[in-house]
Amino acid sequence: MPEAVIVAAVRSPIGRAVKGSLATIRPDDLVTQVIRRGFELVPEADPADFEDLLLGCAQPAGESGFNLARIAAIQLGLDGLPGTTVNRYCGSSMQTTRMAFHAIKAGEGEAYLSVGVETVSRFARGTADGWPDTRNEIFTAPGERTRRRVDQGAHGWDDPRDLGLLPDAHIPMGQTAENVAQLKGIEREDMDRFAVRSQRRAEEAADSGFWAREICPVRLPDGRVVTADDGPRRGVTYEVVSRLPPVFRPDGRVTAGNSCPLNDGAAMLVVMSDAKARALGLTPRARIVATAVSALSPEIMGLGPVEATRKVLGQAGMTMADIDQVEINEAFAAQVLACQRDLDIPDDRLNVNGGAIAMGHPFGMSGARLTVTLLNSLESHDGRLGLQTMCTAGGQGIAMIVERLS
């Protein structure tokens, strides 16, 4: 059976939404620049050899609408390259890698582009609050909002409790983080200290040149070139973060300081069969070992990585002790800490260069961005096996294990 290998991985800088460095560039223009750079990294590969362009985008509407993957292919002058746009929300561009992995394993093709993009700065405004209207009578009877109890059996909690009002399947993510903090006993101080840890590690990584190794420059419409991330926030201290007020509940623990910001960015991977890579004389950076998805009650979506990770480790015949580096998407400090404790992840292997609290979380980009960073981290720290995992809106988790080859 063929192996699926990653031969190239690159990302754009990450900009802060609305006022950041990438706010003026359209998503199609941004992602085509990143894909073009991916092709430059593998000049041995003919773009005509690629079977499909698989693109993850969490809000495929407005400027990201009409099958953005195909639009990108056409903008690149590749009329013969098919494209499909995939939405598994935050896990969208990890799902596209999963699809390339499956297609190669099935023998359906030998070369795929796995891409992700999100420009939150340029979201279409379709409803009063700017988000899609997902409310439905299944969840909300006319004139009322329903209460649900979370199915906690799979997590071993002894105290099933009412988590309150559910307006729809995509309740505010910060509310889900509050739920996780409540259910798993994650204290505000621990969340704030983790957030400072993320900022400091990301700052150290920036100063060492770590982030620069994975970034390609992006040219803006006015000709300016962006070469670096807008984050992290330098000099952040626990004293500053601990004074921030809660955002989602008056007595809550989730603040702007211990949550990820809103962002813009794009990332891409070139995924091939091992035979195709050999035929082209390419040295793969990593082999995709296994992938998995999971689901749970949407009110506690932040715990999605727990079951997804357990599943992917089981498929690979591994335990956490086998994993050298772990990247968990830092949507909220509460959910990362809860997952870390449930999965018994050593601190010195988890997000060693910081994460999305510091660097940002462009939803559709983040799955591929985690892979880019994980490969960079394995190479920088001489690790062999890496795990990446993330929660996704609506109550899901996704995970992938890779083996470094170069």
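Calculation rules
- Residues numbered from 1 in each chain as written.
- Predicted model: local features only at pLDDT ≥ 70, side-chain atom pairs only at ≥ 80, totals over all residues.
- Heavy atoms only, no water.
- Axes fitted to C-alpha atoms, helices over the stretch in contact; angles between N-to-C directions.
- Helix = DSSP H or I, 4+ residues; strand = E, 2+ residues; numbered from the N terminus.
- Parallel < 35°, antiparallel > 145°, perpendicular 65-115°, else oblique.
- Contact = heavy atoms within 4.5 Å.
- Nonpolar A, V, L, I, M, F, W, Y, C, P; charged D, E, K, R; others polar.
- Buried < 20%, exposed > 50% of the residue type's maximum accessible area, 1.4 Å probe, protein only.
- Arc of directions from axis to C-beta.
- Salt bridge = Lys/Arg side-chain N within 4 Å of Asp/Glu carboxyl O.
- Core = buried A, V, L, I, M, F, W, Y, C linked by side-chain atoms within 4.5 Å.
- Pairing = 2+ DSSP bridges.

**What to know about the packing of helix 5 (residues 188-208) against helix 9 (residues 333-343)**
Right, so step 1: Interhelical geometry of helix 5 versus helix 9 gives an angle of 100 degrees and a closest axis separation of 9 Å. Regarding the angle of helix 5 to helix 9, the classification is roughly perpendicular. Residues D190, M191 and F194 of helix 5 lie in contact with helix 9, whose contacting residues are A333, A334, V336, L337 and R341.
Right, so step 2: The residue makeup of the contact of helix 5 with helix 9, split by class, is 6 nonpolar, no polar and 2 charged.

**Description of helix 2 (residues 68-75)**
Right, so step 1: Of the residues making up helix 2, those classed as buried are L68, A69, A72 and A73. Axial view of helix 2: buried residues confined to an arc of 145 degrees, hence all on one face.
Right, so step 2: Buried-residue contacts for helix 2 involve helix 1 (27-41), strand 3 (52-56), strand 4 (83-86) and strand 5 (111-119).
Right, so step 3: G77 lies just past helix 2 and shows a positive phi near 80 degrees.

**As for the pattern of salt bridges**
Right, so step 1: Considering all chains together, one arrives at 23 salt bridges under this definition.
Right, so step 2: A salt bridge links D207 to R234, with the shortest nitrogen-to-oxygen separation between them at 2.8 Å. Taken as a pair, D207 in helix 5 and R234 in the loop between strand 9 (225-226) and helix 6 (238-242) lie far apart in primary sequence, 27 residues in all.
Right, so step 3: For R234, a relative accessible area of 48% translates into the label partly exposed.
Right, so step 4: One salt bridge in this structure joins D274 and R278, with 3.6 Å as the shortest N-O distance. On the criterion of helical spacing, the pair formed by D274 and R278 is a turn pair, its members being 4 residues apart in helix 7 (residues 274-280).

**Regarding the nonpolar core**
Right, so step 1: In this structure, M191, L303, M320, I323, V326, L387 and I401 are the most contacted members of the largest nonpolar core, which totals 42 residues.
Right, so step 2: Sorting the residues of this core by element identifies helix 4 (173-184), helix 5, strand 11 (286-295), helix 8 (304-316), strand 12 (325-328), helix 9, strand 13 (385-392) and strand 14 (396-404) as the ones contributing at least two each.
Right, so step 3: With 7 residues, helix 9 is the largest single contributor of residues to this core.
Right, so step 4: The residues touching L387, leaving out its near neighbours within four places in the chain, are T309, V312, M320, I323, Q325, V326, E327, L374, A399, M400 and I401.
Right, so step 5: Membership of the second largest hydrophobic core comes to 38 residues, among which are V5, L53, C216 and A277.

**A look at the pairing of strand 14**
Right, so step 1: Counting buried positions along strand 14 yields 7 of 9 residues, so the element is predominantly enclosed.
Right, so step 2: In the sheet, strand 11 pairs with strand 14 via 9 bridges, with the strands oriented antiparallel. Pairing of A295 across the sheet is with Q396, part of strand 14.
Right, so step 3: Between strand 13 and strand 14, which pair antiparallel and follow one another directly, the connecting turn spans 3 residues, one of which, G394, has a positive phi of 90 degrees.

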